[in-house]
Amino acid sequence: MFFDHLELAPADPILGLTDAYKADTNPKKINLGVGVYQNEHGVTPVLKCVKEAEKLLLETETTKSYLPITGHPEYGRLTRELLFGSESPLVSDGRAVTCHCPGGTGALRIAADFLYQQHVASRVWISDPTWGNHFQIIEAAGLKTERYPYYDRANHSLAFDRMLDTLEQAQEGDVVLLHACCHNPTGMDPTPEQWDEIASFLARKKLLPLIDFAYQGFGKGLEEDAYGVRKILERNSEVLIASSFSKNFGMYNERVGALTCVCANKDACVKATSQIKLTVRCAISNPPAHGEKVVINVLSNPDLRSMWEQELKEMRERMHRMRLLLADKLKAVGAGDFDFITTQNGMFSFSGLSKEQVEKLRAEYGIYIVGSGRICVAGINDENVDYLANAIAAVVKE
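One structure accompanies this document, and this report is about it. (Residues numbered from 1 in each chain as written. Predicted model: local features only at pLDDT ≥ 70, side-chain atom pairs only at ≥ 80, totals over all residues. Heavy atoms only, no water.)

**Considerations on the overall build of the protein chain**
Rules: Each helix is a run of H or I in the DSSP string that is no shorter than four residues. Each strand is a run of E no shorter than two, and both are numbered from the N terminus. The globule rule used here is 2.2 Å times the number of residues to the 0.38 power, and the radius of gyration it is set against is calculated over C-alpha atoms. For every residue, the accessible area obtained with a 1.4 Å probe (protein chains only) is divided by the maximum for its type, and the residue is called buried under 20%, exposed over 50%, and partly exposed between those limits. Whether two residues are in contact is decided by their heavy atoms, any of which lying within 4.5 Å being enough. The Shrake-Rupley method, run with a 1.4 Å probe, gives the accessible areas here. Residue values count only the displayed protein chains as cover. Note on charges: Lys and Arg go in the positive column, Asp and Glu in the negative column, and His and the chain ends are not counted at all. Just so you know, the charge point we use is NZ for Lys, CZ for Arg, CG for Asp and CD for Glu.
Scanning the protein chain for helices and strands turns up 14 helices and 13 strands. A globule of 398 residues ought to have a C-alpha radius of gyration of about 21 Å, and the protein chain, at 21 Å, matches this closely. Considered along the principal axes of its C-alpha atoms, the protein chain spans approximately 65 × 60 × 55 Å. Within the protein chain, the fraction of its 398 residues that count as buried is 54%. Of all intrachain contacts in the protein chain linking residues separated by at least 6 positions in sequence, the fraction that spans at least 24 positions is 74%. For the protein chain, the exposed area adds up to about 18200 Å²; of that, 51% sits on carbon and sulfur atoms. Taken as two groups, the 43 positive and 52 negative side-chain charges of the protein chain have centres that lie 2 Å from each other.

In structure tokens:
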């Protein structure tokens with residue numbers, strides 16, 4: 001038999017956590033593991049701007065024919081405007097191409113396949129810690145991986161000096177994978193001054209930046225969150241960016257992402273585009289259309305664009321408020337100083353809880369947190385924050 005030798009694969013650590021949460025009968029259970037935005041009622045909502053854009057699609061769409069391999073050109077242009085700024089020459093000067101990929105994950109995989117297949121690079125440096133799927137995606141494409149320190153657990157801060165010291169070992173032509181903002185899982189981002197130094201460091205070492213930009217707008221704002229990307233582009237002529245509309249549009253299941261390749265000149269971009277098209281053709285043939293058309297409708301319509309920016313602001317501010325509230329509640333119940341949570345950005349927080357404490361929270365209180373101690377702050381609300389704070393206090397005092 002062909003499949004008899006197969007062994008059962010381990011469950012995904014985050015998706016498996018969600019399955020365990022669903023099976024838990026504790027009426028006070030809380031899921032802080034899954035990486036999706038939830039409103040104050042614990043629901044992942046469909047944004048109003050998305051609903052309005054879908055109504056327009058329903059009324060005006062005339063065909064379900066295939067999209068171009070790289071997606072609709074307008075989708076690419078609008079994506080580049082968000083990444084680089086509407087006044088940036090890179091939006092339309094021919095040095096950058098944007099390819100619609102199935103989510104940020106798909107963009108990373110297409111990027112990795114492109115790097116490997118075209119012998120652009122053979123080794124990728126990835127932050128420690130990072131999103132759990134980064135290593136699997138990069139290694140599945142055939143590339144080698146290395147780790148660089150990123151988070152100082154003792155001081156709940158960015159291990160910036162250790163990061164650059166370790167990356168000094170990188171060789172010319174290596175790739176460095178960076179989180180543009182809202183670092184997953186730590187929530188700790190470089191300061192503007194640190195981004196300036198990173199940009200110069202990459203240029204000096206002649207390293208290729210591969211930027212994972214999954215959370216634009218979830219940190220400090222659409223423009224503020226793009227600072228690192230734009231600073232790197234000031235000093236590096238070649239960059240790959242994997243971006244996503246899953247989070248900032250709430251369109252998780254539509255798989256709307258993009259790979260943007262910035263080249264040194266137009267001729268190089270034409271050649272890179274041709275090879276990226278081959279990579280996409282082998283992987284998915286061409287991209288899905290619905291989510292892409294929604295994004296185009298929202299970003300190109302002034303009223304819908306304004307509605308989207310307001311909804312995005314509300315999501316961002318709610319998550320920040322939950323950070324502040326949790327830190328205050330933890331201090332009030334004597335759990336200690338958790339103010340570092342308030343300095344982190346986006347959906348995730350490194351709580352500082354040990355694996356043993358995380359397991360105790362799950363077993364005794366029905367609170368589900370990733371083993372590393374990463375908390376999805378979007379899962380916190382006014383109704384569950386007191387229960388959460390008291391449970392954390394109980395396990396940290398033991």
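That was the structure; now back to the text.
**Observations regarding helix α4 (residues 103-117)**
As a reminder, the rule being used: In this scheme, a helix's expected span is set at 1.5 Å multiplied by one less than its residue total.
The first and last C-alpha atoms of α4 sit 21 Å apart over 15 residues, in line with the 21 Å expected at 1.5 Å per residue. The buried fraction of α4 amounts to 11 of the 15 residues, a majority that puts the element mostly inside the structure. By the burial criterion, the buried members of α4 are G103, G104, G106, A107, L108, I110, A111, A112, D113, F114 and L115. Of the residues flanking the end of α4, it is H119, one or two places downstream, whose phi is positive at about 55 degrees.

**Some thoughts on the pairing of strand β7 (residues 175-179)**
Regular strands have side chains that alternate between both faces of the sheet. So the rule is basically this: Here, a strand pair is defined by DSSP locating no fewer than two bridges between the strands. Throughout, right-handed denotes a crossover for which the path from the first strand over the helix to the second runs clockwise when the strands point away from the viewer.
Extensive coverage of β7 is indicated by the burial of 5 of its 5 residues. In this structure, strand β3 (residues 123-128) lies alongside β7, joined through 2 bridges in parallel fashion. Each bridged residue has a counterpart across the sheet, and for V124 the counterpart in β7 is V175. Note: β7 against strand β8 (residues 208-213), 5 bridges, orientation parallel. Bridge pairing links L177 to L210 in β8. Handedness of the crossover joining β7 and β8 through helix α7 (residues 192-205) is recorded here as right-handed.

**Description of the packing of aromatic side chains**
Rule in force here: Centres within 6.5 Å make a pair out of two Phe, Tyr or Trp rings, where for Trp the six-membered ring is used; the pair is then stacked when the planes are under 30 degrees apart, edge-to-face when over 60, and tilted otherwise. Consider the ring centre and the ring normal. A charge sits over the ring if Lys NZ or Arg CZ is within 6 Å of that centre and within 35 degrees of that normal.
Enumeration over the complete set of coordinates arrives at 10 aromatic pairs. Residues Y37 and F218 carry aromatic rings whose centres are separated by 6.3 Å and whose planes lie at 65 degrees to one another, so their mutual orientation is edge-to-face. With Y37 in the loop between β1 (30-31) and α2 (48-60) and F218 in the loop between β8 and α8 (222-225), the pair connects residues that are 181 residues apart, well separated along the chain. Cluster of aromatic residues (ring-pair linked, three or more members): Y37, Y215, F218 and F348. Over the ring of F135 we find R147; its NZ or CZ atom is 4.3 Å from the centre of that ring.

**Examining the layout of surface pockets**
Using the following cut-off: Here a cavity denotes a set of grid points, spaced 1 Å apart and computed over the protein atoms alone, in which a 1.4 Å probe fits but from which it cannot get out, and a pocket denotes an open set meeting protein on both sides within 12 Å along at least five of seven lines; residues with an atom within 4 Å of a point are reported as lining. Grid points are joined across faces, edges and corners, and a volume is the space filled by probe spheres set on the points.
A volume near 970 Å³ is recorded for the largest pocket. Looking at the largest pocket, it is lined by 37 residues, and the ones nearest its centre are I14, W131, G132, N184 and R374. Residue assignment for the lining of the largest pocket shows that the elements contributing at least two residues are α4 and α5 (133-140). Residue contributions to the lining of the largest pocket peak at 4 residues, all from α5.

**A word on the nonpolar core**
Short version of the rule: Throughout, nonpolar core names a set of buried Ala, Val, Leu, Ile, Met, Phe, Trp, Tyr and Cys residues whose side chains join them through atoms within 4.5 Å.
F84, F218, F249, W308, M347 and I380 are the most contacted members of the largest nonpolar core, which has 96 residues in total. Top element by residues in this core is helix α12 (residues 302-332). It accounts for 9 residues. With near-sequence residues (within four places) excluded, F218 lies in contact with Y37, C182, D225, K247, N248, L312, M315, R316, M319, G346 and M347. With 31 residues, the next largest nonpolar core counts A107, A111, F135 and L259 among its residues.

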